[in-house]
Amino acid sequence: MKEVALGIDIGGTNTVFGLIDKEGICIAEGTLPTQKHAEVEDYIDELFQAINTAKENLPYDVKIKGIGIGAPNASYYTGTIENAANLRWKGSIPLAELVQKRLDVPVYITNDANAAAMGEKVFGAARDMNNFMVITLGTGLGSGIFANGDILHGHDGFAGEVGHMIVRKSGRECGCGRKGCLETYVSATGVKRSVYKLLARHNGNSELRDVPFNKLTAKMVAEAANRGDEVAKETFAYTATILGEVLANVVAVTSPEAIFLFGGLTKAGDILFEPVRETLEKNLLSIFKNKIRVLPSGLSDNAAVLGSAALVWNKMN
């Protein structure tokens, strides 16, 4: 019988799960919509139906050793999701407890970026590092910080919210209810907002000018930048500069060996990475200069599930 960890990544749109062995190989996976059910219990019913179907379709028996869950606003200490803005279930959701009722194995829960950091440590490019940071660049900006060989959870399980550092006083409105948070500038959504701000300032031609906001994607902006579109290039320079400045401040507190960038936005490649590296180095305190590497994640496309499963394997090893 093969031993596996069940990794679950709860996103605002979809939930993805996978059965992951000790080597980080996904032997079965599935997905379901996160927002379909108004009651969290009905969601968990559908989730475990899908998991059991995936297990039954395998040509051999597996034993689930534990469950790891990455979710927004999740506390590692309490096993709860607390007032997640992009989920239907409001208030405090005792997710670990509800899941353990379906399968009596250890359940570990943390936010999705912390799970990504654990995945980088167990299965990715940070296996030999004890101090590093993972920045997830998607619809928003998440961050997971490894310090002295473990995830930095803080006293309440919510430490490491780099995406909600205020970078512009009274700046762009954020989903958290405040203004000027980093993720309103550095994320797929932030890139789109920057494009339209710059288009209003530029009179010149741009292939992005006639694209409606709800049709524009960060991928389109990255492709336009790589083709030489001036507005797209300036957008990425602006985005990377803000990220580099903030990372220089975070380095002063955490002193990581490396910073891994992960997520859809990183597919822009050097047009993002190079100005981030340059701005970071320019703004670092002298004692940190030429010490910090900015690297792409070493995880594959199912990184969110790998990261969630890594929460289990990290405890079992």
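Going by the structure above, here's the rest.
Reference entry: report on the structure contained in this document. The structure displayed is predicted, hence computed values, not measured ones.

1. A word on the pattern of salt bridges
Scanning all chains against the criterion turns up nine salt bridges. With a shortest N-O distance of 3.5 Å, Glu230 and Lys233 are connected by a salt bridge. Residue Glu230 and its partner Lys233 are located together in helix α6 (residues 230-254), separated by three residues, close to a single helical turn. A salt bridge links Glu257 to Arg293, with the shortest nitrogen-to-oxygen separation between them at 3.4 Å. Remark: Arg293 occurs in strand β12 (residues 293-296) and Glu257 occurs in the loop between α6 and β11 (258-262); sequence separation between them is 36 residues. Overall, Glu257 belongs to the partly exposed group, its relative accessible area being 35%. Classification of Arg293 by relative accessible area gives partly exposed; the value is 41%.

2. Brief notes about the sheet that holds strand β10 (residues 150-151)
Within the open sheet, the five strands sit side by side as β10-β9-β8-β11-β12. Their pairing is mixed. Two strands bound the open sheet, and with one partner strand each, they are β10 and β12. In this sheet, strand β9 (residues 141-147) lies alongside strand β8 (residues 132-137) in antiparallel orientation, the contact comprising six bridges. From the neighbouring strand, Leu137 faces β9, where its bridge partner is Leu141. Sheet contacts for helix α3 (residues 112-122): β8, β9, β10 and β11; angle to β9, the most-contacted strand, approximately 50 degrees. Where α6 meets the sheet, its contacts fall on β8, β9 and β11, and the angle it forms with β8 comes to roughly 150 degrees.

Conventions we followed
Residues numbered from 1 in each chain as written. Predicted model: local features only at pLDDT ≥ 70, side-chain atom pairs only at ≥ 80, totals over all residues. Heavy atoms only, no water. Salt bridge = Lys/Arg side-chain N within 4 Å of Asp/Glu carboxyl O. Helix = DSSP H or I, 4+ residues; strand = E, 2+ residues; numbered from the N terminus. Buried < 20%, exposed > 50% of the residue type's maximum accessible area, 1.4 Å probe, protein only. Pairing = 2+ DSSP bridges. Contact = heavy atoms within 4.5 Å. Axes fitted to C-alpha atoms, helices over the stretch in contact; angles between N-to-C directions.

By themselves, these observations are geometric and do not establish any function.
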